[in-house]
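Observations on the three-dimensional arrangement
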Amino acid sequence: MNLYPQERIALFIDGANLYATARALGFDIDYKRLLELYSKKAKLIRAFYYTALIEDQDYSPIRPLVDWLDYNGYTMVTKPTKEFTDASGRRKIKGNMDIELAIDMMEMAPHLDHIVLFSGDGDFRRLVEAVQRKGVRVTVVSTVRSQPSMIADELRRQGDLFVDLVDLQEQIERALPPDHPRARGRRPVVEDEEDEEDEEDEEDEEEEYYESHPA
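Under the counting rule described, the total for this entry stands at twelve salt bridges. A salt bridge links Arg137 to Glu7; its shortest N-O distance comes to 2.9 Å. In this pair, Arg137 sits in strand β7 (residues 137–142) while Glu7 sits in the segment before β1 (8–14), placing the two residues 130 residues apart along the sequence. For the salt bridge of Arg23 with Asp28, the shortest nitrogen-to-oxygen distance reads 4.0 Å. Overall, the relative accessible area of 6% leaves Asp28 in the buried class. Here the salt bridges do not stand alone but share partners, grouping Arg125, Arg126, Glu129 and Arg133 into one network.

Structure follows, in structure tokens:
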């Protein structure tokens, strides 16, 4: 990952984009392991996670995941989704978090040496360029090993470093129960037993939410 122990780093996670990337690669992310991985590599200042929430529902499928992340070292940035009808009369739900992520990154840049952006969204190219002018290195994490690629070429070129998410899989993958459909043929991943059941429920909630309400 080309991180240095003395570097001050922050993670900026585009929740919907990272979820789609991991799904395209066929694995689920263990957010506890992800945080531990970067905490061991450098001085982790903040880990931001961005996602939109449906506020007018009695129950939001992603709320358990949001609450778990909030209590376990992540800085959650959320906002209500917006509902609209497109030209074909179809009901759509929109929840773009680009502005929030951009503002936070610009504000944090003077306090950081290295930013790790988990997103493949090409709209972030100019943002990456702006923080680089402030002397901050930027690593972009996404994948080119899915069909189609999950990262915009202009964003990949702009980053100082590119890490393919599949190269982190062994270090951040969430273990699945043996009877889970996606667990067949996989090498098991060791994790804390006390957290396994809770994280399994949280990831299932996230899967239901993002598949029903893509950003």
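From this point on, the discussion continues.
Residue Pro148 is bonded to the preceding Gln147 through a cis peptide linkage, with omega at 0 degrees. Within the secondary structure, Pro148 sits in the loop between β7 and α6 (153–158).

This part is about the nonpolar core. Counting 32 residues, the largest nonpolar core has Ile29, Tyr31, Leu34, Tyr38, Tyr74, Phe118 and Leu165 as the members making the most contacts within it. Going through the elements one at a time, β1, α1 (15–25), α2 (31–41), β2 (43–53), α3 (63–71) and β6 (114–118) are the ones with two or more residues in this core. With residues up to four places along the chain from it excluded, the contact list for Leu165 reads Leu18, Thr21, Ala22, Leu25, Phe27, Ile29, Val141, Ser142 and Ile172.

A few words now on α1. The buried fraction of α1 is high, at eight of eleven residues. For α1, the complete set of buried residues consists of Gly15, Ala16, Asn17, Leu18, Tyr19, Thr21, Ala22 and Leu25. Just downstream of α1, Gly26 is the residue with a positive phi angle, here 80 degrees.

Before going further, it helps to examine the sheet that holds β6. The sheet built from six strands is open, its strands ordered β3-β2-β1-β6-β7-β8 with parallel pairing. Both edges of this open sheet fall to β3 (75–80) and β8 (161–164), since each of them pairs with a single strand only. Taking each pair of neighbouring strands and ignoring which way they run, the sheet shows an average axis angle of 20 degrees. For β6 and β7, the ladder comprises five bridges, and the chain directions are parallel. Across the sheet, residue Val116 finds its bridge partner in β7, namely Thr139. On top of the sheet, α1 reaches β1, β2, β6 and β7; it is set at about 80 degrees to β1, its chief contact.

Cut-off values and rules
- Residues numbered from 1 in each chain as written.
- Predicted model: local features only at pLDDT ≥ 70, side-chain atom pairs only at ≥ 80, totals over all residues.
- Heavy atoms only, no water.
- Salt bridge = Lys/Arg side-chain N within 4 Å of Asp/Glu carboxyl O.
- Helix = DSSP H or I, 4+ residues; strand = E, 2+ residues; numbered from the N terminus.
- Buried < 20%, exposed > 50% of the residue type's maximum accessible area, 1.4 Å probe, protein only.
- Core = buried A, V, L, I, M, F, W, Y, C linked by side-chain atoms within 4.5 Å.
- Contact = heavy atoms within 4.5 Å.
- Pairing = 2+ DSSP bridges.
- Axes fitted to C-alpha atoms, helices over the stretch in contact; angles between N-to-C directions.

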